[in-house]
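# Structural features, examined
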Amino acid sequence: MDELDVPILEEAHADSIKPTEAGFQVTLSDQSVYLGRTLITSLGSTPRKLAIPGETEYANRGVAYCAICDAPLYKGKDVLLAGGGNSAVQAALDVAMVAKSVTLIHRSQLRADAILIERMKANPKITVHLETQILEVLGQAALTGVLVLDKATQTQRIIPGDGLFIEIGHEPNTDLVKDLVRLDEHKAVIIDVKGQTSFDGLYACGDMTDTPYKQIIIAAADGAKAA
């Protein structure tokens, strides 16, 4: 991008997107305005959080939100994992390939596909605690475990671990375009094979879209197709 002299604005962010007769108007947080015939949006997504004490304090010091990204950092270690859907169970299987042990903790019952649950239960490195709510992330210089509530007995206890992957889904960042384009049931932007949205001239790519598999290499490819 530097070689092509593509301007990159880092001091301001997009505040609004409005269609015009000639295309689109993007207004930034510093009140500057940019006009374009077409527009590509790549606003990403935000991981859902547990919103518990210690979660923010130990982010990047044991708390992570992408098992497929950071699993290699926990090779040979004891890993905790929060969640009960397909992404959580698949993450447990992935992390178990490198970790010493994986403990999946979920506040209710598993919602994942039966075949994934069967694979997880067959893996001797994975322990599952259901009806167990994580109350707090514990640690010193780095994460050392979590405080949980056993709903059946209403008792609290500490589950030790070297890291915690929170796999409870992501929220697509679609607020700027939600009134212009069609969204799916997960509030992700619906696109065609070229990244075109339901609004002519407005394109979307990456984790804000309904494209499966949220990975950097796929988001970059989506952006190339849209461009």
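As a starting point, this report considers the structure included with it.

Rules used throughout
- Along each chain, numbering runs from 1 in the same order as the chain's sequence is written.
- In keeping with the model being predicted, local features are shown solely for residues with a pLDDT of at least 70 and side-chain atom pairs are shown and tallied solely at 80 or more, while totals for entire chains, interfaces and linings include all residues.
- Only hydrogens and water are removed before side-chain values are computed, so all heavy atoms of the structure are retained for them.
- Under the scheme applied here, a residue whose accessible area is under 20% of the maximum for its type counts as buried, over 50% as exposed, and between as partly exposed, the area being computed with a 1.4 Å probe on protein chains only.
- The way it works is that DSSP assigns letters per residue, a run of H or I at least four long becomes a helix, a run of E at least two long becomes a strand, and they are numbered from the N terminus.
- By the convention used here, residues are in contact when the closest approach between their heavy atoms is within 4.5 Å.
- A pair of strands is labelled paired if DSSP reports no fewer than 2 bridges between them.
- Note on definitions: angles span 0 to 180 degrees between N-to-C directions of axes, and those axes are lines fitted to C-alpha atoms, for helices only across the stretch in contact.

## Some remarks on helix H2 (residues 86-96)
Every α-helix carries 3.6 residues per turn, so stepping three or four residues along brings you back to the same face. Here H2 has its buried residues at Ala88, Val89, Ala91, Ala92, Leu93, Val95 and Ala96. Buried positions along H2 lie against helix H1 (67-70), strand E7 (78-82), strand E8 (101-105), helix H3 (114-121), strand E9 (126-129) and strand E13 (163-166).

## A short note on the sheet that holds E7
Note on sheets: strands pair through backbone hydrogen bonds, and any given pair is parallel or antiparallel. Read from one edge to the other, the open sheet built from five strands follows the order E6-E13-E7-E8-E9, with strand pairing classed as parallel. Each of the sheet's edge strands pairs with one partner strand only, and the pair in question is strand E6 (63-64) and E9.

## Let's talk about the pairing of strand E2 (residues 24-28)
Two faces, one strand: in a regular strand the side chains alternate between the faces of the sheet. Among the five residues in E2, four count as buried, and that is most of the element. As paired elements, strand E1 (residues 14-19) and E2 share five bridges and run antiparallel to each other. When the bridges of E2 are listed, Ala14 appears paired with Leu28. With antiparallel pairing between neighbouring strands as the criterion, E1 and E2 make up a hairpin whose turn holds four residues, including Gly23 at a positive phi of roughly 155°. Inspection of the sheet shows E2 paired to strand E3 (residues 33-36) by four bridges, in the antiparallel sense. Within E3, the position partnered with Phe24 by the bridge is Gly36.

## A closer look at the sheet that holds E1
Overall, antiparallel pairing links the three strands, which are arranged E1-E2-E3 in an open sheet. Edge strands, defined here as strands with exactly one partner in the open sheet, are E1 and E3. For this sheet the average axis-to-axis angle between neighbouring strands, irrespective of direction, equals 20°.

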